[in-house]
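Chain by chain, the residues:
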Amino acid sequence: MENFDGKRYFIYGDGVSGRAAQKAIKRRGGKAKIYADECGRFIAPPEKQYAAAVISPGIKPTHAVYEYCRARGIKTVGEAEIGFAIADCDIVAVTGTNGKTTTVRLLADMLGGTACGNIGYPLTAAADGAKRTPLVAELSSFQLHDAVVTPRVAVITNAAADHLDWHGSAEAYYADKCNIANNMDGGYLVLGADVPVVALDALDTKAEIVRCAVGAAVDGAYVTDGYFYFMGSRVCPEDYLRLQGEHNVKNALCAIAAAKCMGADNGQILAALCSATSAPHRIEYVGEAVGKIWIDDSKGTNIAACLAAVETVSGTVCLIAGGRNKGLDFAELFEALPERVVEVVAMGESAQALRDCAAGATAAKITVVDGLSRAVKAAAQSEAKTVLLSPACASFDEFRDYAARGDRFAAEVRALG
């Protein structure tokens, strides 16, 4: 455990993670003060001797605070790294483009552990209260940027290009994902069924690789002939998994593999699979209105998540997409949409880009609107049986986060009567 006694830190970013890091440092005898931009302008901390700067995961590497630290030789760390430094228990860390939250929730139930990290409960806060039970931490690519973390078990659920506006390139995004395991001297790295080889170019770990697969036996977790297996031994029937969709089968495989690496027995795994519920705003049934089924997948903020949601729902679909683009190529979305998607309602900042990319790539009708309220009204006129909100974009053009967008979507649907 790192010694903070008498050391001085500054924290840049006044969100929940920054406040949690400040509390953890102070409780261990360190000094920490929070600074943040004012009116979009960098506020320089006083010129003092700092052990490190704790930078919010939402701050881009191009921000002035990083140059400030480089010029003064100040080490930069993230809140998650502080959490690892103070934790007195095992940590399982989970990252990936999609499926992180579901995998974390499943795994925490299987291990009797605490779910934390990017799900809204900072790792430092969880580590402060943890005793002997393990922590299961969701870590985003932002949190892993240049991070030095050493989980007992690391998990990469899947990998597809995302957050290119933040990372600058797919290669940089994948490299940050690999940081979840690159400092491990042992333990296990679980690779989900959809982790392409190109995403692992920056991987350099001493952890033992454990793989996951659907339909074929591997050295790890797999599902075949209606059963989940681990290392050749049957775990339980596949239909014990309460969550629907192939993407959730893959999430379950990651959780099973990591749980087994942590020593969980089949009974613990079975109980977690049977009681699992979907995360809010992830392919969540809202209700029926104007003769249609309405599904909230506001958490689907990239192309891979959107396509997974489309595959999960049945019948003809009206897809509501759009918001703030994260540097993704929407042509990939339209080229992969099934014919069941008969209409796409494009909304928000990226509406025109969505329409332009749809030209010639899909037979679906494209309707362009200003925002979510008008998108719901337009979808209500669609001939589709199911309306799916799965934006493939961030929410920040109109909402503070995906949850606020999903809540507004549900309210607009209820208002249809």
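For the structure itself, look to the data block above.
Presented here is a report on the structure given in the accompanying data block. Throughout this document, residue positions are counted from 1 along each chain, in the order its sequence is written. Per-residue local features of the predicted model are confined to residues with pLDDT of at least 70, and side-chain atom pairs are confined, for both listing and counting, to 80 or more; whole-chain, interface and lining totals are unaffected and use all residues. Derived side-chain values reflect all non-hydrogen atoms in the structure, with water molecules and hydrogen atoms excluded from consideration.

**Considering the environment of Tyr-188**
Just so we agree on the cut-off: Secondary structure elements follow DSSP: runs of H or I of four or more residues count as helices, runs of E of two or more count as strands, with numbering from the N terminus. Relative accessibility thresholds used throughout: buried, under 20% of the residue-type maximum; exposed, over 50%; partly exposed, between the two (1.4 Å probe, protein chains only). Any two residues whose heavy atoms approach within 4.5 Å are treated as being in contact.
Here Tyr-188 lies in strand E9 (residues 188-194). Classification of Tyr-188 by relative accessible area gives partly exposed; the value is 29%. Sequence separation between Tyr-188 and Val-210 is 22 residues, and the spatial gap between their C-alpha atoms is 6.7 Å. For Tyr-188, the contacting residues outside a window of four places in its chain are Arg-152, Val-153, Ala-154, Ala-207, Glu-208, Val-210 and Cys-261.

**Quick word on helix H9 (residues 246-261)**
Cut-off, in case you're wondering: In this scheme, a helix's expected span is set at 1.5 Å multiplied by one less than its residue total.
Its 16 residues give H9 an end-to-end C-alpha distance of 23 Å, which sits within 8% of 22 Å, the value for a rise of 1.5 Å per residue. Of all 16 residues that make up H9, 14 are buried, and the element is covered over most of its length. One or two steps after H9, the chain reaches Gly-263, where phi turns positive at roughly 95 degrees.

**Quick word on the sheet that holds strand E14 (residues 284-289)**
Put simply, the test is: At least two DSSP bridges between two strands are required for those strands to pair. The axes are straight lines fitted to the C-alpha atoms, using for helices just the contacting stretch, and the angles between their N-to-C directions are given from 0 to 180°.
Taken together, six strands build an open sheet; the order of strands is E14-E15-E19-E16-E17-E18 and the sheet is mixed. If you trace the sheet from one side to the other, it starts and ends with E14 and strand E18 (365-368), each paired once. Ignoring strand direction, the axes of neighbouring strands in this sheet form an average angle of 20 degrees. Two strands pair when backbone bridges link them, and E14 and strand E15 (residues 292-296) are joined in this way by five bridges, in the antiparallel orientation. Within the sheet, the bridge partner assigned to Glu-288 lies in E15 and is Ile-293. The strands touched by helix H13 (residues 351-358) within the sheet are strand E16 (317-322), strand E17 (341-347) and E18, with E18 carrying the most contacts at an inclination of about 160 degrees.

**Comments concerning helix H2 (residues 64-72)**
Heads up, the rule is: The arc in question is traced by the directions running from the helix axis to the C-beta atoms.
Taken together, the buried positions of H2 are Val-65, Tyr-66, Tyr-68 and Cys-69. Taken around the axis of H2, the buried residues stretch over an arc of 160 degrees, which confines them to a single face. Turned more than 90 degrees from where H2 packs its buried face, Arg-70 and Ala-71 sit exposed. On its buried side, H2 packs onto strand E1 (8-12), strand E3 (52-55) and strand E4 (76-77). Directly after H2, the chain includes Gly-73, whose backbone phi takes a positive value near 70 degrees.

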